[in-house]
Number of protein chains: 2
Amino acid sequence: MANVATDAAGITEEETEHMMERNCVIEADNVASSIDPKEMRAVMLAGFGGLNKLRVTKKTMPEPQHGEVKIRVKACGLNFVDLMVRQGNIDNPPKPPLIPGFECSGIVESIGENTHGFEIGDRVMAFVYYNAWAEVVCTPVDYVYKMPDKMTFQEAAAFSLNYVAAYMMLFEVANLREGMSVLVHSAGGSVGQAVAQLCSSVPNVTVFGIASCSKHVAIRDSVTHIFDRNADYVQEVKKISPEGVDIVLDCLSGEHTGKGLILLKPLGAYILYGASNMVTGETKSFFSIAKSWWQVEKVNPIKLYEENKVIAGFSLLNLLFKQGGCVRVKTVMDKLLSLYNQGRIKPVVDSLWALEEVKEAMQRIHDRGNVGKLILDIEKSPTPLMASDSTETSEAGEEEEDPEGDNDNKERMPFIQ
Amino acid sequence: MANVATDAAGITEEETEHMMERNCVIEADNVASSIDPKEMRAVMLAGFGGLNKLRVTKKTMPEPQHGEVKIRVKACGLNFVDLMVRQGNIDNPPKPPLIPGFECSGIVESIGENTHGFEIGDRVMAFVYYNAWAEVVCTPVDYVYKMPDKMTFQEAAAFSLNYVAAYMMLFEVANLREGMSVLVHSAGGSVGQAVAQLCSSVPNVTVFGIASCSKHVAIRDSVTHIFDRNADYVQEVKKISPEGVDIVLDCLSGEHTGKGLILLKPLGAYILYGASNMVTGETKSFFSIAKSWWQVEKVNPIKLYEENKVIAGFSLLNLLFKQGGCVRVKTVMDKLLSLYNQGRIKPVVDSLWALEEVKEAMQRIHDRGNVGKLILDIEKSPTPLMASDSTETSEAGEEEEDPEGDNDNKERMPFIQ
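Residues take numbers from 1 onward in each chain, read along the sequence in its written order. Here every chain gets a letter starting at A, and every ligand a number starting at 1, in the order they are written. Given that the model is predicted, a residue must reach a pLDDT of at least 70 before its local features are reported, and side-chain atom pairs must reach 80 or more before they are shown or counted; all residues, however, enter totals for whole chains, interfaces and linings. Computation of side-chain values: all heavy atoms of the structure, hydrogens and water removed.

Participant: Honestly, the nonpolar core in this entry has me stumped. Any pointers?
Facilitator: Nonpolar side chains tend toward joint burial in soluble globular proteins. Only buried residues count toward a nonpolar core. Its members are Ala, Val, Leu, Ile, Met, Phe, Trp, Tyr and Cys residues joined through side-chain atoms within 4.5 Å. Relative accessibility under 20% of the residue-type maximum defines a buried residue, over 50% an exposed one, and the middle range a partly exposed one, all with a 1.4 Å probe and only protein chains included. By size, the foremost hydrophobic cluster in this structure holds 230 residues, and its most contacted members are Phe 314 and Leu 316 of chain A together with Phe 127, Phe 314 and Leu 316 of chain B. Residue contacts follow a heavy-atom distance rule, with two residues in contact if any of their heavy atoms lie within 4.5 Å. Sequence-distant contacts of Phe 314 of chain B, defined by excluding residues within four places in its chain, comprise Leu 267, Tyr 305 and Asn 308 of chain A together with Ala 165, Met 168, Met 169, Val 173, Ile 271, Leu 272, Tyr 273 and Leu 319 of chain B. Within the second largest apolar cluster, 38 residues are counted, among which are Phe 208 and Ile 311 of chain A together with Phe 208 and Val 248 of chain B.

Right, here's the structure in full:
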């Protein structure tokens, strides 16, 4: 996973921190882009913690190593896991400072030695082991895929992680077939929407979606039945399907694991693909982590035997970056691009954000305000704050952290799409 | 599950117990068959416990209820689960006395009201909720399948449970595809042999089989690699396939669950389909059950998430008789019969036994002496004991039970095939 930008030594001593105050950043940005071709803008996480740990900085431009391509980034995907990274709430995180982000799209700018399959100018989407939220990214060729001609860069940045995860869970971990039923939490999120679309590619699949009431109108057409996330969904689902469902996709964990298991039909599969219940505030909460961990029902396989049930966990990032899953993911990506080209799946983009707006974007994911994917659009300028807005983010990252998050920020966020 | 024979009230007061001493039984048998057409011979489990709880008795002939067919039985399958039933070592067992056995083949003799799809004279195989080990069986039509013309009754009795279980585990719980690898315990057993054959129906599947050394020659051609059941198979498998295997099929439980999980590749599935380690002697051992139960690693789904692993349990009997799985099993049976007709699968029959030889047959399964399936052949007469044999089973079931089993009995068992 050689990448100059990951290397702490690669950070220039004199790097200029582009503060999150927007007017500042816009000026600095213009300067940065024009002055030094060996530098690039990137989002930097200075240390694990709250939103104040994030800033836009200048970094030394990475160059592709053997087997890598260098990509001039156009758009980056923002995922819930990026919040967990920010809090240091993941398994063996790298030591900050680091550039977050695991996926991007852009144009191949140069190619390392012994690197085959791509040419300068190719439009690509890519997985990156951190470092995606930058103007330039280098990543091994195994993580890079050519984009279909009609796919936009924003769509591409919304495609890789979420559709591959949704596909592998539905068709490789579980075995989705005609006539089955799927329950998906966070149905309005980017994975949820990918799941709903992929389910509609199989005849007669019933999708039970769980989402905040505020999203019900927006996602009504993508699922068969929709429930409020605060409702007693076990009872609601059983009213419609007394025997339960075939597949439960859970990104929450905690108490929802037990509920998911209860809802499974015989031979049904519960798949845990995230633990967003661990993130209850802006900063890491050991209490909430411990609570989620212990609330998860630990399962005796003999009970699974008696009940004919399947429990699985799925982490695409671990599969890609720790478990050598590239070849398998490439096969899945080929199938997904075929479905995209047939018009059967199409990423739902919630909103586009400038790099300098990463805090607001993260807060929106945290508050579960999005329907579909949040994209960092490298070429986007930050939306000027409105005159009435008085809650600007401070410069120095010294503001007090509110573990409950400042939900009232939502109203003033700049949504483009 | 209406079946006259299950009903304790259906046992004739004057029923004659055919003792297991063979000369006795043969005489009584001839009499029983000729005297009363409303009676039939059956294996009876008088109470949970050791082999001495089994005897052949006369029972009132069952008649088919609504939706049932009456089958003149030709052959019955004997499975490890029958040993667990004998010991009462299953979830919510019915109250003895009972007739054991879950599968048989034979000829349709009559048909209940509102029963469609079968005619008198049809050659069939069937699942039965207990009561299979008898001359006549009644079972709901949903559990009955027509036999291919070229299939023998012995093959049919070896087919239903084991091939359906193997198929559903490989293709419905897991998702076996080209190029994958499967580790199967008890590879010489009837499920193990079905698994090996079904794996060979998919291109380029590697089968790691674990079996007693004594079976290695017999099953060498059915698996890719074979290991002794007492070997450190985790290390042995890793020598050949350092990254592990895609599917582990475990009928043992206990310490093997943890080993199976260790051996899984990312996205691999561990499937527990039995707990034969719970049966360590002839009679139920609470110590061994408790040991097996607690030795099973209870799994936190968050760990599965980090490791990209799947844990499943599979019980075909529960699926069929407690969880309404008939329609699903019917679909699987159709696929299996197609594979049989193409010559791609063929049951391996270890040995044929008279009803009166059920103790010896059970002992052989307990001792894991079989390669393939043990069949109770209704029309078979007990093999006369050899002159040198002095360890006949006692009449009254009063013999002392040896919890370790009397393994030295093996040498004198009558194997036909």
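Participant: Explanation requested: the relation of the copies chain A and chain B in the structure shown.
Facilitator: Both copies of the chain are related through a single rotation about an axis accompanied by a shift along the same axis. Copies are brought into register by a least-squares superposition over C-alpha atoms of residues with pLDDT of at least 70 in both. The transformation that overlays chain A on chain B combines an axial shift of 0.0 Å with a rotation of 180 degrees, and the residual RMSD is 0.0 Å. The transformation just described matches what one would write down for a two-fold rotation axis. An overlap of 100% is found between the interface residues of chain A and their copies at the interface of chain B, pointing to a shared contact surface.

Participant: Teacher, can you tell me more about helix α12 (residues 326-341) of chain B here?
Facilitator: Residue and element names in this part refer to chain B. With 16 residues, α12 extends 22 Å from end C-alpha to end C-alpha; this agrees with the ideal 22 Å at 1.5 Å per step. Buried residues of α12: Cys 326, Val 329, Val 332, Met 333, Leu 336, Leu 337, Leu 339 and Tyr 340, and no others. The arc enclosing the buried residues of α12, seen along the axis, measures out at 155 degrees, which places them on a common side. Numbered from the N terminus, helices here are DSSP runs of H or I no shorter than four residues, and strands are runs of E no shorter than two. A positive phi of about 80 degrees marks Gly 343, the residue just after α12. To estimate how far a helix should reach, multiply one less than its number of residues by 1.5 Å. Starting at the helix axis, one direction is taken to each C-beta atom, and the arc is that of these directions.

Participant: Can you walk me through the packing of helix α4 (residues 160-173) of chain A against helix α5 (residues 190-199) of chain A in this structure?
Facilitator: Packed helices, taken two at a time, are described by the angle their axes make and the gap between the axes. Residues and elements named next belong to chain A. Note on method: axes are straight lines fitted to C-alpha atoms, helices fitted across the in-contact stretch only, with angles between N-to-C directions ranging 0 to 180 degrees. Look at α4 against α5: their axes get within 8 Å of each other, and the N-to-C directions meet at 50 degrees. Relative to α5, the element α4 is oriented oblique. Judged by the sense of rotation from one axis to the other, the crossing of α4 with α5 is right-handed. Here α4 contributes Asn 162, Tyr 163, Ala 166, Tyr 167, Met 169, Leu 170 and Phe 171 to the contact with α5, which in turn contributes Ser 190, Val 191, Ala 194, Val 195, Gln 197, Leu 198 and Cys 199. Classification used: nonpolar for Ala, Val, Leu, Ile, Met, Phe, Trp, Tyr, Cys and Pro, charged for Asp, Glu, Lys and Arg, polar for all others including Gly. A breakdown of the residues in the contact of α4 with α5 according to their chemical character gives eleven nonpolar, three polar and no charged. We call two directions roughly parallel when the angle between them is under 35 degrees, roughly antiparallel when it is over 145, roughly perpendicular when it lies between 65 and 115, and oblique otherwise. Should the near helix be turned anticlockwise from the far one by less than a right angle, the crossing is left-handed, and should it be turned clockwise, the crossing is right-handed.

Participant: Looking at this model, I keep getting lost on the environment of Ser 186 of chain A. Mind explaining?
Facilitator: Residues and elements named next belong to chain A. Relative to the elements of secondary structure, Ser 186 occurs in the loop between β9 (181-184) and α5. C-alpha of Ser 186 to C-alpha of Ser 315: the two residues are 129 residues apart in sequence and 17 Å apart in space. Ignoring anything within four residues of it in the chain, the contact list for Ser 186 reads Gly 192, Ile 210, Cys 251, Leu 252 and Arg 368.

Participant: Where do I start with the interface of chain A and chain B in this structure?
Facilitator: Accessible area lost during the coming together of the parts is what is often quoted as the interface size. Opposite the 44 residues of chain A that make contact, chain B presents 44 residues. When chain A packs against chain B, the two sides together hide about 3700 Å² of surface, and 59% of this comes from carbon and sulfur. For any pair of parts, buried area is found by adding up, for both, the accessible area (1.4 Å probe) each one loses once the two are put together. When the buried surface of chain A facing chain B is broken down by residue, Leu 267, Ile 302 and Tyr 305 of chain A rank first, second and third, together holding 18% of it. The term salt bridge refers to a pairing of a side-chain nitrogen on Lys or Arg with a carboxyl oxygen on Asp or Glu at a separation within 4 Å. Inspection of the chain A/chain B interface yields two salt bridges. A salt bridge links Glu 172 of chain A to Arg 177 of chain B; the shortest N-O distance between them is 3.5 Å.

Participant: In this structure, what is going on with the confidence of the model for chain A? I would like to understand it.
Facilitator: Detailed reading of predicted coordinates is not advised where the pLDDT is low. All names here are of chain A. With 78% of its residues at a pLDDT of 70 or more, chain A shows a mean pLDDT of 84. Predictor confidence is given residue by residue as pLDDT, running from a minimum of 0 to a maximum of 100. Within the model, the stretch residues 1-34 combines pLDDT values under 50 with 71 contacts to residues more than four positions away or in other chains. In the predicted assembly, ipTM is 0.83 and pTM is 0.84.

Participant: Which parts of the structure should I look at to understand the environment of Leu 161 of chain A?
Facilitator: All names here are of chain A. For Leu 161, the position within the fold is in helix α4. On a C-alpha basis, the gap between Leu 161 and Asp 232 in space is 30 Å, while along the polypeptide they are 71 residues apart. The residues touching Leu 161, leaving out its near neighbours within four places in the chain, are Asn 79, Phe 102, Glu 103, Phe 127, Leu 316 and Leu 317.

Participant: So what exactly am I meant to see when it comes to the side chain of Lys 70 of chain B here?
Facilitator: Residues and elements named next belong to chain B. Tracing the backbone through its elements, the reader meets Lys 70 in strand β4 (residues 68-78). Assessed through its relative accessible area of 7%, Lys 70 is described here as buried. In this structure the side chain of Lys 70 is engaged in a polar contact, spanning 3.0 Å, whose partner is the side chain of Glu 63. Once residues lying within four places of it in the same chain are set aside, the contact partners of Lys 70 are Met 61, Pro 62, Glu 63, Pro 64, Ile 107, Val 108, Glu 109, Ser 110, Val 136, Val 137 and Cys 138. Pairs of N or O atoms within 3.5 Å make up the polar contacts considered here, provided that, within protein, one atom can donate a hydrogen while the other can accept it, and that residues adjacent in sequence are counted only when both atoms are side-chain atoms.

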